[in-house]
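Below are the chains, spelled out letter by letter.
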Amino acid sequence: MKLKINNLSKVFGDKRAVDGVSAELTNGVYGFLGANGSGKTTLMRMLATVSRPTSGTITFNGEDITKMGDRYRDVLGYLPQHIGYYRNFTVEKFLYYIASLKGIEKNEAQQRVAELLEIVNLHDKRKVKMGKLSGGMKQRVGIAQALLNDPKILIVDEPTAGLDPKERIRFRNLLAKIANDRIVLLSTHIVSDIEYIAKEILIMKNGQLIKKETPRNLLGQIQNIVWSVPAEEAEIPSFQESFKVGNIARKPEGIELRIISEEKPADVAVNVPVNLEDLYLYYFDEGVGA
Ligand SMILES: Nc1ncnc2c1ncn2[C@@H]1O[C@H](COP(=O)(O)OP(=O)(O)O)[C@@H](O)[C@H]1O
Ligand SMILES: [Mg+2]
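Model, not experiment: these values are computed from the prediction.

Thresholds applied
Residues numbered from 1 in each chain as written. Chains lettered and ligands numbered in written order. Predicted model: local features only at pLDDT ≥ 70, side-chain atom pairs only at ≥ 80, totals over all residues. Heavy atoms only, no water. Axes fitted to C-alpha atoms, helices over the stretch in contact; angles between N-to-C directions. Helix = DSSP H or I, 4+ residues; strand = E, 2+ residues; numbered from the N terminus. Parallel < 35°, antiparallel > 145°, perpendicular 65-115°, else oblique. Left-handed = near helix turned anticlockwise from the far one by under 90°. Contact = heavy atoms within 4.5 Å. Nonpolar A, V, L, I, M, F, W, Y, C, P; charged D, E, K, R; others polar. Donors = N, O, S within 2.8 Å, 3.2 Å for Na, K, Ca; no water. Buried < 20%, exposed > 50% of the residue type's maximum accessible area, 1.4 Å probe, protein only. Pairing = 2+ DSSP bridges. Near = heavy atom within 4 Å. Polar contact = N/O pair within 3.5 Å; in protein donor to acceptor, adjacent residues only side chain to side chain. Areas by Shrake-Rupley, 256 points an atom, 1.4 Å probe, with all protein chains shown as cover.

## Describing the packing of helix α4 (residues 91–101) against helix α5 (residues 106–119)
With their axes 10 Å apart at the nearest point, α4 and α5 run at an angle of 130 degrees to one another. Considering their axes alone, α4 and α5 lie oblique with respect to each other. The chirality of how α4 crosses α5 is right-handed. Taken together, the residues of α5 that come into contact with α4 (itself represented by Val-91, Glu-92, Leu-95, Tyr-96 and Ala-99) are Ala-109, Gln-110, Val-113 and Leu-117. In the contact of α4 with α5, the residues fall into 7 nonpolar, 1 polar and 1 charged.

## Side note on the coordination of the magnesium ion (ligand 2)
At 2.0 to 2.3 Å from the magnesium ion (ligand 2) lie its protein donor atoms, namely Thr-41 (OG1) and Gln-81 (OE1). Residue Thr-41 is located in helix α1 (residues 40–47), and its partner Gln-81 is located in the loop between β6 (76–79) and α4; the two are separated by 40 residues in the primary sequence. Given a relative accessible area of 30%, Gln-81 falls into the partly exposed group.

## Brief notes about the pairing of strand β1 (residues 3–12)
Sheet topology note: the β1/strand β4 (residues 55–60) ladder contains 5 bridges and is antiparallel. The residue of β4 that forms the bridge with Leu-3 is Phe-60. Taken together, the 7 bridges between β1 and strand β2 (residues 15–25) define a ladder with antiparallel strand orientation. Residue pairing in the sheet places Lys-4 in a bridge with Glu-24 of β2. Hairpin connection between β1 and β2: a loop of 2 residues separates the two successive antiparallel strands, and Gly-13 in this loop has a positive phi of roughly 60 degrees.

## Regarding the site of ligand 1
For ligand 1, the full set of nearby residues is Phe-12, Lys-15, Ala-17, Ala-35, Asn-36, Gly-37, Ser-38, Gly-39, Lys-40, Thr-41 and Thr-42. The contact in question runs from an oxygen atom of ligand 1 to an N or O atom on the backbone of Gly-39, over 3.0 Å. With respect to ligand 1, the side chain of Thr-41 contributes an N or O atom lying 2.8 Å from an oxygen atom. Contact with the protein chains removes 60% of the 560 Å² of surface that ligand 1 exposes when unbound. Looking at the shell around ligand 1, the elements that each hand over two or more residues are β2 and α1. Of all the elements, α1 adds the most residues to the shell around ligand 1, at 3 residues. Partitioning the shell around ligand 1 into residue classes produces 3 nonpolar, 6 polar and 2 charged.

## Quick look at the environment of Glu-262
Residue position: Glu-262 is located in the loop between β13 (254–260) and β14 (270–271). Residues Glu-262 and Gln-81, 181 residues apart in the sequence, show an inter-C-alpha distance of 36 Å. Leave out the neighbours within four places in its chain, and Glu-262 touches Ile-225 and Tyr-282.

What follows is the structure in structure tokens.
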């Protein structure tokens, strides 16, 4: 199975929301990481055929997806970033409704809805109205609707936004569980969502794909640029002015700054192991305020 993106662009007025992206995706989870406005949703909408590219193509096993019509939609599951939920539908009714939109025949829909309610752990909420669900439960219903047709390609856009930490972990475990034999694309700006489950991380910046690597390789590339620096309270502003400062730890033994810098930021600085949060700061240039 191969999803291939060839020099894909989407232009809105004078804004290149997606700018010449090329990538090949096979089975596994791909994490799209990027600041707000970097083009993740626009790219995913094109992959879901909800929006047409300005230029470039997307092929699935060699065929242009815009020419595959229903044959592509049959293998696609999509959870948009903003999904209009049907507040007065019960969970079960909503899933049957989406199943009918997807052209799934009634007997099959019944079996599939029951199965999915188990998978997303919402069986005992099946009679509850959508408007009464927590954010995490709604997202799990969202995943269930995307999985109704047992898609080979699953696209989920910022599925963990607004979830509490516990719900986020549950959602991540769920994705890892269903990722076998599928191409899963997940966008997020929360690094820990994809740190452990992504086969590759794709970093978007200003509409461009600037990195596509395994988490391990990505971290390897920025080894030796993360420093721990003991500092006095009064020194913090000047460090923040000159360097990208991440975490500021205030411990009983004193303050420790986490600094991302190619050069050693101070004589007393020591290198510490890199994590994906550091990588995010490194690529997105967003120092964290005090
Ligand atoms: N329908 C649209 N019309 C005009 N500009 C858009 C539209 N959709 C997205 N954009 C712009 O394209 C850029 C990328 O947006 P988006 O794909 O939503 O980024 P992300 O999902 O990474 O936050 C942003 O600058 C956004 O304002
Ligand atoms: Mg988005």
